[in-house]
Structure formats: structure tokens, C-alpha cells
Amino acid sequence: MIQEQLAFLPEFLPDYRPFPPAKERPAWLALPPRAKQRFLKAGETALQTPLAPLPLSLWLDFTRTGQRAAWEAAYFSRRARLCALVCAECVEHSGRFLDAIADTVWALCEESAWQLPAHNSYVRDTPQLPLPDTSQPIVELFAAETGALLALTRYLLHDELDTTAPGIAARMERELNARILTPYFTGHFWWMGNGAEAMCNWTSWCSQNVLLTVFLLPTSQEQRCAAVKQAAYSLDCFLKDYGADGCCNEGAQYYRHAGLTLWGCLEILSAAAPQAFCALFHEPKIKNIAEYICNVHVEGPYYLNFGDCSPLAGRCGAREYRFGQAVGSDALQALAAADFRADADPDHLQNPDGSTHINLWYRLITAFAEQELMECAAIPQHLPTVWYPSVGIYAARQGRWVLGAKFGSNGDSHNHNDTGSITVYKDGRPFLIDIGVESYTKKTFSPQRYEIWTMQSAWHNLPTFDGIQQLPGAEYAAREVHTTENSITAELAGAYPPIPGLTTYRRCVSASEQGITLRDETDYPGTVDLTLLTEQQPAATADGFAVGTLGGIRFDPEKVAAKVTPVPITDPRLRTAWPETIYRITLHFKKSLNVVLY
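Parameters and conventions
- Residues numbered from 1 in each chain as written.
- Predicted model: local features only at pLDDT ≥ 70, side-chain atom pairs only at ≥ 80, totals over all residues.
- Heavy atoms only, no water.
- Helix = DSSP H or I, 4+ residues; strand = E, 2+ residues; numbered from the N terminus.
- Rg over C-alpha atoms; globule rule 2.2 N^0.38 Å.
- Buried < 20%, exposed > 50% of the residue type's maximum accessible area, 1.4 Å probe, protein only.
- Contact = heavy atoms within 4.5 Å.
- Areas by Shrake-Rupley, 256 points an atom, 1.4 Å probe, with all protein chains shown as cover.
- Lys, Arg positive; Asp, Glu negative; His and termini not counted.
- Charge placed at Lys NZ, Arg CZ, Asp CG, Glu CD.
- Salt bridge = Lys/Arg side-chain N within 4 Å of Asp/Glu carboxyl O.
- Pairing = 2+ DSSP bridges.
- Axes fitted to C-alpha atoms, helices over the stretch in contact; angles between N-to-C directions.
- Parallel < 35°, antiparallel > 145°, perpendicular 65-115°, else oblique.
- Nonpolar A, V, L, I, M, F, W, Y, C, P; charged D, E, K, R; others polar.
- Phe/Tyr/Trp six-rings, centres within 6.5 Å; stacked < 30°, edge-to-face > 60°.
- Lys NZ or Arg CZ within 6 Å of the ring centre and 35° of its normal.

Moving on to the overall build of the chain. Counting its regular elements, the chain contains 17 helices and 21 strands. Taking 25 Å as the expected radius of gyration for a compact globule of 598 residues, we find that the chain reaches 25 Å, a close match to that expectation. Classification of the 598 residues of the chain by burial places 60% in the buried group. Contacts in the chain between residues at least 24 apart in sequence constitute 70% of all its contacts with a sequence separation of at least 6. Element-wise, carbon and sulfur atoms account for 54% of the exposed surface of the chain, whose accessible area totals about 22,500 Å². One finds the centroid of the 49 positive side-chain charges in the chain at a distance of 3 Å from the centroid of its 65 negative side-chain charges.

Right under this line is the structure:
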């Protein structure tokens, strides 16, 4: 799709100028007062925050124990500090923040490596090397993020920084050439694409930030043309793994790093060569990718989640709004504007998820779109039913209820063994939940991934057969899937390994204004253990459970043995979405089960 547009490339590819440099004052002075105040407050906080040290012992903590958090907290805090300082200086332009900016730039340039310890390998899905090889820089997610951050800092404050610290702009250019451009142009990293090999959010995310670096620096026309051609190939490799329906198999949280960074790539390419790339925004598949986030939105901050995603996938904002404008989606513009107005933290300073809070481009896109977002009066509207056959994602809305289901396979990127699982919301609150994923460690992306409890089917709203759970892989999938405007039905036995006596497990879930009905039928000769996970505490009733303040779960107590187990939630990442305790209901039944949520 994208490579076809290379035939229309012009002879000259200009600089990318997303915003004027800081010395061009009118545009900066015209920013909304709220944005300027926010930037100055964050910048002043950053002035009082010392640079976090990055000693070798922190790197070795990952090598020795597999723990990522300490290194990444220090690493990301440095980049977030630079974002805050640069934004404040661009707004105020008095020189007050320049020394601290130069200090932070210098510290980033002095780092031995820009890749994370967890990404320190040269071959996909191989063990990480103990230490970085400084002679062979790796371009991965956060090396590319660092490149874009430094390139944009240099572009915005080139003269000011060179006056404060003569030669520092040249130092940034040397580091960017050595760590980003030369490896990108002379090597091959797996995320750049290789024929039929499956890609993921890394492809569009890294490509976006490399393109920013290339078009913000004084690169040659030869380099720019090479970068455009490589990005076009990489993005076609990325898009081949999307169905025509545009569903992100990595989930709502990763849409921000996948579909939304695809917009970033197309935005930069279209600015460089509008005659070649602007037409891509009119492709139905691109529009479907853009609107995916609307269709998995529940209400307020909640999203239907599966895999590694949290139900609190992050508010939409300026980038989604611009994507909506580009593809002509009123629905996406309305959701983005409403979400932005409801967001107390539009620069995501309190949500350090590894990207948005360290990306200077994102912060400035937000500031320069802020007035438009505040003035957009459109009200978000949801489709009553959505079915994404490419991934098996289903959503139905009936009155106070939202039903989400994943009836695809266990071969997704960021996969959990959750085929056939459902999530349910009532009045915008979680009723049946998907836990998500704990803080990433070395084990998370290793052959031992499915030893982690949150990845296992027994910790989703699914059956277990005498301790036997689902297995990972695309071959473990739902079959005979049928959807209507308010129901989904499928055969789930194929998501499990061969189990003696099990040939069928049929699940039908339907939504109505009165509630959600779950019907499971099986020929398994033993007792089935069905898990149902709730955020609010269940209390026993004559015919099931009352679930907190939300409503209840009804079943035939003569045919079902039930128990409730409190589940402590201690992991910091899980605690961003869930309270100290959630609850696991286990329903023991034979042959058939009918459950009503009311």
C-alpha cells in the first residue's frame, strides 16, 4: 500500500517543521494560557529535580535478577525532565531553563547505550546480552524515542543552546548520527520488516521516531529518500498483519504505540511529500485502524481490554484528534476532544507507561491543538455492536451494559491465553474483569511467559478442566464463531490441548437491557471449574451472588457449587487499575451452566 506511493516522490524532501523554533515567538506566545502554565509548572518542578543517576549496577540488576523497574524509572525520568525543561524554555524564552537543558542533553549523550537492558539483543526473541556493546548501537523503541527527543530539542533551541554551551548542538548531531542514523541506514533490525515475518507496534513506533530524527536534522536528500523508502517498506510489513477491519490485536493500550504511531509516520511522510502520501489517509483500512479505539471504548477512562492491556488504557487526546481529522472520522474527533477535556493530566506526567511522558513531540502536538480540542463540541457516540473478525473481538452495548469478548486465538502479540473470555461493564463500571498484566520483567517476554498467573486462562473468565488450561499459539482458537447484534457464540474446545472426554465446549453470551446471559455447554465428563473475576466483593445470595453495589450474578445453586477467593493485588502496574483486593468466583458444574448478570 505505502510502497506504491513511492512512484510519486518529489525530487526534493524538505525539513519537517511541526512547530516553529522557540526564537519565532508569535506562535509560542499565542498558545493557550492553560498550556503555557502547565509547561512552566512542569519545567520549574524539573529544575528542582536532580538528574537521576544510571550506574552500571542498575543495568546489572536486570542482567542478574530480571527486574526492569529501577533502570527504567531512572532512564525515563531523565527524558521526562528534558521534555519538561524544553517546553518551559520554549514558552518563557528567557534562558532560565537552558543550563538544566544542557545538563540533561549532556547526560543523555554520555549514556553508554540508549536501548533498555530488556531490549539488549541483536536477534529477535533471543536472550539479552549482559552489557551493551557501545561499538554497535541498537535502535529499538527507546533509543529511537531518545533520538527523536534530542533531534526536536536541537531543532527548537539550536541557537540558544549553542550560546549557553557552545558546540552542544554539534555533539547532539554526532550522537544521533552514530546511534540512530548510521545503524538504521547500514544495518537491519527485526522491526524494520522481513517479508512475511510478523510485526508489532515496534515497527510503526520505531519508524515514527527515526523519521522525526531524519527530517528534523540537516540530513542529506539521499538520506531522506532512503529513510522514506525504508519506512514505506517497514510500514507495509506492519500493515500486512492487520485485517481490513483495522483491529489492533495488541489491544487498546497498544493502539497508542501501533495505530497512533502509524498516524505519526504518515503525518511526517505527508509533510515531506504530500503528493505521495496524503492520499493514504483516504484508504478504508487506515480509517478502520484509526477508529478501532472508539469501538473498544466503554465509558470515561475504561476500555475493553485483553492480553497485556489494562482497562485504563489512557485518555485520548491531540494525536487521536489529528488522526480523526486526517481520515475524516467525526467519531474519533469527538472521543478525542471529550477525553482531552476530561483529562487532568494531558501531558501524561502521572502515567509513565514508557512513551507518552517522554515524547516531546506529543506534548507539543497537544499544546498546539489545545484550543481546537477545547472548542470541539461533538458528543462521542458508540456503535451498538462491533465485530472484528480478523482478531475475534466483539463488543455489544445494551442500555446500561457493555459486553466485550475475545473469540479469536491465542496467537496475538502481547497474548494471554484468553480465547473465549468476556468482560462486562455496567453503568460504566467493571463488573466481570480482565486483570491485565503485572510489571514487566525479564520473564514477561521469555519462554517462561505463561508461568505468570495473569497470562493463564484460569485467571480469565474461562473454564478449566481438572487443572488443564488453554495453551498459547494461533492454533488454539475459537471455532464456528457466530455473532448477532447482541450475542456471540463459539466452540472453545479447540483453545485447549486434547483432553480425554472433551470434544465440545460451546459458549453463548448475549446482552440485553436487563443484563448479560452466559450459557456454557460441554460434553466433558468431569467437573468444570469456571472462573469469574470481579472488582467488587461478591456476597452470597439464595440464587448466586450480589456483586458490590453493581448488581448480581444468578445461577441455579442446585446444579452449581460456588466459592469466592479474595485475590490480593500488590503489583504496582496492576494497582494502577485495581484495588488492593479483587475476587475470583469459581463455579463448579457439569455439562451445562446458565449464568445471568443483572
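This next bit is on the pattern of salt bridges. Counted according to the given criterion, the structure contains 30 salt bridges. Taking the shortest distance from any N to any O, the salt bridge between Asp-412 and Lys-406 comes out at 3.2 Å. As far as the burial class goes, Asp-412 and Lys-406 line up, both buried. Because the salt bridges share partners, they merge into one network encompassing Arg-34, Arg-38, Asp-347 and Glu-370.

Glancing now at the pairing of strand β17 (residues 544–547). Direction of pairing for strand β16 (residues 538–541) relative to β17: antiparallel, over a ladder of four bridges. Within β17, the position partnered with Ala-540 by the bridge is Phe-545. Taking the residues between adjacent antiparallel strands as the criterion, β16 and β17 are bridged by two residues. Looking at chain direction, β17 and strand β18 (residues 551–554) are connected through four bridges and run antiparallel. By the bridge assignment, Gly-544 is partnered in β18 with Arg-554. Between β17 and β18, which pair antiparallel in sequence order, lie three residues; one of them, Gly-548, sits at a positive phi of approximately 50°.

Reading across from one edge, β11-β12-β13-β14-β21-β18-β17-β16 is the order of the eight strands in this open sheet, with antiparallel pairing throughout. The two strands at the open ends of the sheet, each matched to only one other strand, are β11 (479–483) and β16. When the angles between neighbouring strand axes are averaged without regard to direction, this sheet yields 15°. The pairing of strand β12 (residues 487–491) with strand β13 (residues 505–512) spans five bridges and is antiparallel. Each bridged residue has a counterpart across the sheet, and for Ser-487 the counterpart in β13 is Ser-510.

For the pair helix α6 (residues 141–164) and helix α16 (residues 360–375), the least separation of the axes is 8 Å and the interaxial angle reads 55°. Our classification of the angle between α6 and α16 gives oblique. Residue-level contacts link Glu-145, Leu-149, Leu-152, Thr-153 and Leu-156 of α6 to Leu-360, Trp-361, Tyr-362 and Leu-364 of α16. Of the residues in the contact of α6 with α16, the class split is seven nonpolar, one polar and one charged.

Position of Thr-366 among the secondary structure elements: in helix α16. For Thr-366, a relative accessible area of 8% gives the class buried. Once residues within four sequence positions are removed from consideration, Thr-366 is found in contact with Arg-38, Ala-318, Phe-340, Pro-346 and Asp-347.

The subject of this paragraph is the packing of aromatic side chains. Centre distance and the angle of the planes are the two values used to describe a pair of aromatic rings. A full pass over the atoms with the stated rule returns 25 aromatic pairs. A centroid spacing of 5.1 Å and a plane angle of 55° characterise the contact between Phe-238 and Tyr-242, whose relative ring orientation is tilted. Taken individually, Phe-238 and Tyr-242 each receive the classification buried, so the pair is uniform in this respect. Summarising the aromatic geometry, the rings of Tyr-255 and Tyr-292 are spaced 6.2 Å apart at their centres and angled 35° between planes, so their arrangement reads as tilted. Taken as a pair, Tyr-255 in helix α10 (residues 252–255) and Tyr-292 in helix α13 (residues 284–295) lie far apart in primary sequence, 37 residues in all. Like Tyr-255, the residue Tyr-292 is buried in the burial classification. Within the aromatic cluster, the residues linked to one another by ring pairs are Tyr-16, Trp-263, Trp-361 and Tyr-362. When the ring centre of Trp-106 is taken as reference, the NZ or CZ atom of Arg-171 above it lies at 4.9 Å.

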